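Examining the three-dimensional arrangement
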Amino acid sequence: QVQLVESGGGLVQPGGSLRLSCAASGFSFSIANMGWYRQAPGKERELVASITDTFATTYADFVKDRFTISRDNDKNTTTLQMTTLKSEDTAVYYCVIQWPYDVWGRGTQVTVSA
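Residues numbered from 1 in each chain as written. Predicted model: local features only at pLDDT ≥ 70, side-chain atom pairs only at ≥ 80, totals over all residues. Heavy atoms only, no water.

Regarding the environment of V63
Mapped onto the elements, V63 comes out in the loop between β6 (57-59) and β7 (67-72). Given the relative accessible area of 0%, V63 is considered buried. V63 sits 34 residues away from F29 along the chain, and the two C-alpha atoms are 25 Å apart. Those residues in contact with V63 that sit more than four places away from it in its chain are R38 and V48. (Helix = DSSP H or I, 4+ residues; strand = E, 2+ residues; numbered from the N terminus. Buried < 20%, exposed > 50% of the residue type's maximum accessible area, 1.4 Å probe, protein only. Contact = heavy atoms within 4.5 Å.)

What follows is the structure, given as structure tokens:
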């Protein structure tokens, strides 16, 4: 079974940091392209960052220089390190297999509030 399980979400104050992790299983992780998406209430889902099997990365403009995506093929995990968090970063964050499948985790809530 293909599974993606996100963790690390929670409540953080503006300017703070969080690290989201995604534990992957049931497929060949090392050859997959992975991504993080988010969805806030009243807004469409949007790409936050992605990382390919060759470790090439892509970032949305609104998180560039604040967030970092990485992967550990030995542990079958991908992470999203978030810094300088703002209230507008509040959303449900999803781990996604972008290729060779299109599979989504169930998400983890990130709330940025004082």
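Describing the pattern of salt bridges
It is possible for side chains of opposite charge to pair when their charged atoms get near one another. Taken as a whole and judged by the stated rule, the model has four salt bridges. In this structure, the salt-bridge partner of R66 is D89, at a minimum N-O distance of 2.8 Å. With a gap of 23 residues between them, R66 in the loop between β6 and β7 and D89 in the loop between β8 (77-82) and β9 (91-99) connect regions that are remote in the sequence. Here R66 falls in the buried class, since its relative accessible area comes to 11%. Residue classification places D89 among the buried residues on the basis of a relative accessible area of 0%. (Salt bridge = Lys/Arg side-chain N within 4 Å of Asp/Glu carboxyl O.)

Thoughts on the side chain of R66
In this structure the side chain of R66 is engaged in a polar contact, spanning 2.8 Å, whose partner is the side chain of D89. Contacts of R66, omitting those with residues within four sequence positions, involve Q81, M82, T83, T84, L85, K86 and D89. (Polar contact = N/O pair within 3.5 Å; in protein donor to acceptor, adjacent residues only side chain to side chain.)

Overview of the nonpolar core
Across soluble globular proteins, nonpolar side chains show a tendency to be buried alongside one another. In this structure, W36, L80, M82 and Y93 are the most contacted members of the largest nonpolar core, which totals 28 residues. Listing elements by their share of this core, those giving two or more residues are β3 (18-25), β4 (33-39), β5 (46-51), β7, β8, β9 and β11 (108-112). (Core = buried A, V, L, I, M, F, W, Y, C linked by side-chain atoms within 4.5 Å.)

Looking at the environment of G9
The residue G9 is located in the loop between β1 (3-7) and β2 (10-12) in this model. On the basis of relative accessibility, which here comes to 33%, the residue G9 falls in the partly exposed class.

Quick word on the sheet that holds β8
Strand order in the open sheet formed by four strands is β1-β3-β8-β7, with antiparallel pairing between adjacent strands. Edge positions in the sheet fall to β1 and β7, since each has one partner strand and no second. The sheet shows a mean angle of 15 degrees between the axes of neighbouring strands, direction not considered. Both β7 and β8 contribute to a ladder of six bridges, which runs antiparallel. (Pairing = 2+ DSSP bridges. Axes fitted to C-alpha atoms, helices over the stretch in contact; angles between N-to-C directions.)

Details of the side chain of T79
As for its placement among the helices and strands, T79 is situated in strand β8. Here T79 falls in the buried class, since its relative accessible area comes to 13%. Of note is the side chain of T79, whose polar atom sits 2.5 Å from the side chain of S70. Excluding residues within four positions of it along the chain, T79 makes contact with R19, L20, S21, W36, T68, I69 and S70.

Considering the pairing of β4
Most of β4 is tucked away: six of the seven residues are buried. With seven bridges joining them, β4 and β9 adopt antiparallel strand pairing. From the neighbouring strand, N33 faces β9, where its bridge partner is W99. Strand direction decides the pairing type here: β4 and β5, joined by five bridges, are antiparallel. What sits directly across from M34, in β5, is I51. Between the antiparallel neighbours β4 and β5 lie six residues, among them G42 with a positive phi of about 80 degrees.

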